Amino acid sequence: MPDLYINGKWVDAAGGGTRTVLDPANAQPLAEVAEAASEDVDAAVRAAREAFDAGPWRSTTAAERGDYLRTVADGLQERRGELGRIESLDTGKTVAEAETDVDDITNVFRYYADMADKDAGRMVDTGVPNSISRVVYEPIGVCSLIAPWNYPLLQMSWKLAPALAAGNTCVIKPSEVTPLATVELVKIIEAAGVPAGVVNLVLGDGPGVGAPMTSHKGVDMVSFTGGLETGKRIMATAAADVKNIALELGGKNPNVVFADADFDTAVDFALNAVFFHSGQVCSAGARLIIEESLKDRFVDELVERAGKIKLGRGQDEGVEVGPMVSEQHRDKVEGYIQSALDEGATLRCGGKRPEGDQYRDGYFLEPTVFDDCTREMTIVREEVFGPVLSVETFTSEEEAIALANDTEYGLAGGVWTSDASRGQRVAGALRHGTVWINDFHPYVPQAEWGGFGKSGVGRELGHHGLDEYRETKHIWQNT
Ligand code: NAD
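Residues numbered from 1 in each chain as written. Predicted model: local features only at pLDDT ≥ 70, side-chain atom pairs only at ≥ 80, totals over all residues.

The protein carries the name Aldehyde dehydrogenase family protein in an unreviewed UniProt entry, which gives Salininema proteolyticum as its organism. The record held by UniProt for the protein lists under Pathway (unreviewed entry) the comment "Amine and polyamine biosynthesis; betaine biosynthesis via choline pathway; betaine from betaine aldehyde: step 1/1." UniProt, in its Sequence similarities (unreviewed entry) section for the protein, records the words "Belongs to the aldehyde dehydrogenase family." (UniProt positions renumbered as here; feature names shortened; annotations may be inferred.)

Have a look at this one:
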């Protein structure tokens, strides 16, 4: 079946291009999908433009758009198992994780469905006699939504649900590495009766498909989640037309552990913070910043338990962590491991591909811990995006804060302490968009997500996540 969705029809790529999608656990082909050409992007943007300017979407009420989103949420739950399996095969993550992603995005669609008609604007007291003044919100127009490979369904839904709730039309592109579940999401949107042209799907890589989605004159907004360097390029391209822009970029996230932390819980969460989804998480707690007096005991325990993590195919029973998403990415992470060795960090565990026939053809890497790290080292400064933990130590609260903030990123961080005041104090001092005290990784659709510094521009989720997709208009009337 053709797998580009343009103006309500499933079509092949204009030039007939295709791409083979691989299973990262064994490098076997999973599917052959269309590789769009710039003509397809043009057709998709025109369809979205037409649906926005003249089509039925703009004349829908906010409550009607909410109903569509609710139907999409129901469709996601009906196909939960199937979507979870496809996402697991495509990304390498476990089926349980992928099913949790489906539950999470169901909640995101429901959250924005409920919000769609709850916040139309506000009256303003001008202080001027005989005037009526109100502030109203309107959709921005045509939005290009571009997602990465680590959370294909989730990252796309964080954009798509608020964009549609606000009344925009969209051209969407998943990563070329992991396109499969997004095709199914669009089928669910189609089945929900969302009118033709409102959501258009193009598949393909960054240069061929992503770039024209950001430079096209018919696009009013670009929302992108991905790497820092790509984000900079997109920002520069969007600047030519002063397009609206939202960027969710990388992170180099500190996990700060004080000596008074609950030991077992802090070890549990420190492992999960960095090794969950093989560390391919923008908020991965890849920098353990630990009080000197606790370090040896904590790292010994961590290393012992890291060695017991069960690697394997995400679809197999009992597997805790899957492979890297691609050969290219595995090679990149191995480059970072080599840099740590060259720069003098102490390898405590992992650092290599696991042995065994079951791992031979896939892109697996062992959970890796480097001790004796310093802030100058490449693995401490750059986003590795793999199962690699660096360990640094501190002796005072001030030093802990200074280390945690010594990054060009600012996405997320954790603080572990049994002193509630200290937890709040340190959380307040961290220059990161999300801070967890005695936890790591949880999020809810009601709370904003995004980064300080080079972790991005704007916020997803929460009220702000809807505002990203709205223009604000002031209407003044003399009576
Ligand atoms: P990437 O930047 O390589 O690609 C992301 C998407 O952009 C893909 O769909 C790709 O095809 C597209 N793209 C590439 N070049 C483009 C261009 N010139 N113009 C337009 N589109 C282009 O990122 P990735 O490797 O897929 O994802 C990993 C990165 O994503 C990590 O840095 C991670 O931290 C980040 N990420 C951030 C968040 C967050 O919420 N902040 C969440 C998930 C992932």
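The discussion continues.
Draft legend 1. The arrangement of the UniProt feature "domain: Aldehyde dehydrogenase" (unreviewed entry) in the protein in detail. When the UniProt feature table is mapped onto this chain, "domain: Aldehyde dehydrogenase" (unreviewed entry) is found at residues 10–475. As annotated, residues 10–475 comprises 40% helix and 19% strand, and the C-alpha atoms at either end are separated by 41 Å. (Helix = DSSP H or I, 4+ residues; strand = E, 2+ residues; numbered from the N terminus.)

Draft legend 2. Representation of the nonpolar core within the structure. Among the nonpolar cores identified, the biggest contains 84 residues, and Leu69, Phe109, Tyr112 and Ala165 are the most heavily contacted of them. No other element matches helix α4 (residues 95–115), which puts ten residues into this core. Aside from chain neighbours lying at most four places away, what touches phenylalanine 109 is Leu69, Val72, Ala73, Leu76, Ser157 and Ala161. Membership of the second largest hydrophobic core comes to 63 residues, among which are Val281, Ile289, Val299 and Ile401. (Core = buried A, V, L, I, M, F, W, Y, C linked by C-beta atoms within 7 Å. Buried ≥ 20, exposed ≤ 12 C-beta atoms within 10 Å, placed from the backbone. Contact = placed C-beta atoms within 7 Å.)

Draft legend 3. Seen up close, the site of the ligand. Close to the ligand lie 33 residues, the nearest being Pro148, Gly206, Gly210, Gly226 and Cys282. Elements with a minimum of two residues in the shell around the ligand: α7 (206–215) and α8 (228–239). By residue number, the principal contributor to the shell around the ligand is α7, which donates five residues. (Near = placed C-beta within 6 Å.)

Draft legend 4. Main features of helix α11 (residues 327–342). The end-to-end C-alpha distance of α11 is 22 Å, a good match for the 22 Å that 16 residues give at a rise of 1.5 Å each. Along α11, the residues classified as buried are His329, Arg330, Val333, Tyr336, Ile337 and Ala340. Summarising the axial view, the buried residues of α11 lie within an arc of 115°, below the 170-degree limit, and thus occupy one face. Residues of α11 that are exposed and point over 90 degrees away from its buried face: Gln328, Asp331, Gly335, Gln338 and Asp342. At the exit of α11 stands glycine 344, carrying a positive phi of roughly 100°. (Expected span 1.5 Å × (residues − 1). Arc of directions from axis to C-beta.)

Draft legend 5. Quick peek at the sheet that holds strand β16 (residues 388–394). Taken together, the seven strands give an open sheet; going across it, the order is β14-β15-β16-β13-β12-β17-β18, and neighbouring strands pair in mixed fashion. Edge positions in the sheet fall to β14 (346–349) and β18 (434–437), since each has one partner strand and no second. Mean inter-strand twist for the sheet, computed between neighbouring axes without regard to direction, equals 25°. Bridge count for β14 against strand β15 (residues 368–371) is three bridges, and the pairing is antiparallel. Bridged to threonine 346 within β15 is aspartate 371. Each of β12 (254–257), β13 (287–291), β14, β15 and β16 is contacted by helix α10 (residues 292–306), which is oriented at about 140° to β13, the strand it contacts most. (Pairing = 2+ DSSP bridges. Axes fitted to C-alpha atoms, helices over the stretch in contact; angles between N-to-C directions.)

Draft legend 6. How the structure looks around helix α3 (residues 80–91). For α3, spanning twelve residues, the distance from its first C-alpha to its last is 16 Å, which sits close to the expected 16 Å at 1.5 Å a residue. By the burial criterion, the buried members of α3 are Leu83, Gly84, Ile86, Glu87, Ser88, Leu89, Asp90 and Thr91. Tucked into the core, α3 has its buried residues touching β3 (18–22), β4 (29–34), α2 (62–78), α4, α5 (152–165) and α6 (180–191). Positive phi appears at glycine 92, one or two residues downstream of α3, with a value of about 95°.

Draft legend 7. Inspection of the UniProt feature "active site" (unreviewed entry) in the protein at higher detail. Per the UniProt annotation, the sites labelled "active site" (unreviewed entry) are Glu248. You can see glutamate 248 is positioned in strand β11 (residues 244–248). In this structure glutamate 248 comes out as buried when scored by C-beta crowding, with 27 C-beta atoms within 10 Å. Glutamate 248 has contacts with Thr225, Gly450, Gly456 and Glu460, leaving out every residue within four places of it along the chain.

Draft legend 8. A look at the confidence of the model for the protein. Across the protein, the average pLDDT comes to 97, with 100% of residues at or above 70. At the level of chain-chain contacts, confidence expressed as ipTM amounts to 0.95, with global pTM at 0.97. (pLDDT = per-residue confidence, 0-100.)

Draft legend 9. Quick look at the sheet that holds strand β20 (residues 470–478). One open sheet accounts for three strands, arranged β5-β6-β20; its pairing is antiparallel. In this open sheet, the two edge strands, each paired with only one partner strand, are β5 (121–124) and β20. Neighbour to neighbour, the strand axes of the sheet diverge by 20° on average, direction disregarded. Here strand β6 (residues 131–139) pairs with β20 via nine bridges, running antiparallel. In the strand pairing of β20, isoleucine 132 is matched with glutamine 477.

Draft legend 10. Looking closely at the pairing of β5. Strand direction decides the pairing type here: β5 and β6, joined by four bridges, are antiparallel. Its bridge partner being in β6, valine 124 is matched across the sheet by serine 133.

Draft legend 11. Here's a closer look at the packing of α7 against α8. Packing of α7 against α8 brings their axes to within 9 Å, and their N-to-C directions diverge by 40°. When the axes of α7 and α8 are compared, the pair comes out oblique. Where α7 crosses over α8, the two elements pack in a sense that is right-handed. Along the contact surface, α7 presents Gly206, Ala211, Thr214 and Ser215, while α8 presents Thr230, Ile234, Thr237 and Ala238. For the contact of α7 with α8, the residue count by class is three nonpolar, five polar and no charged. (Parallel < 35°, antiparallel > 145°, perpendicular 65-115°, else oblique. Left-handed = near helix turned anticlockwise from the far one by under 90°. Nonpolar A, V, L, I, M, F, W, Y, C, P; charged D, E, K, R; others polar.)

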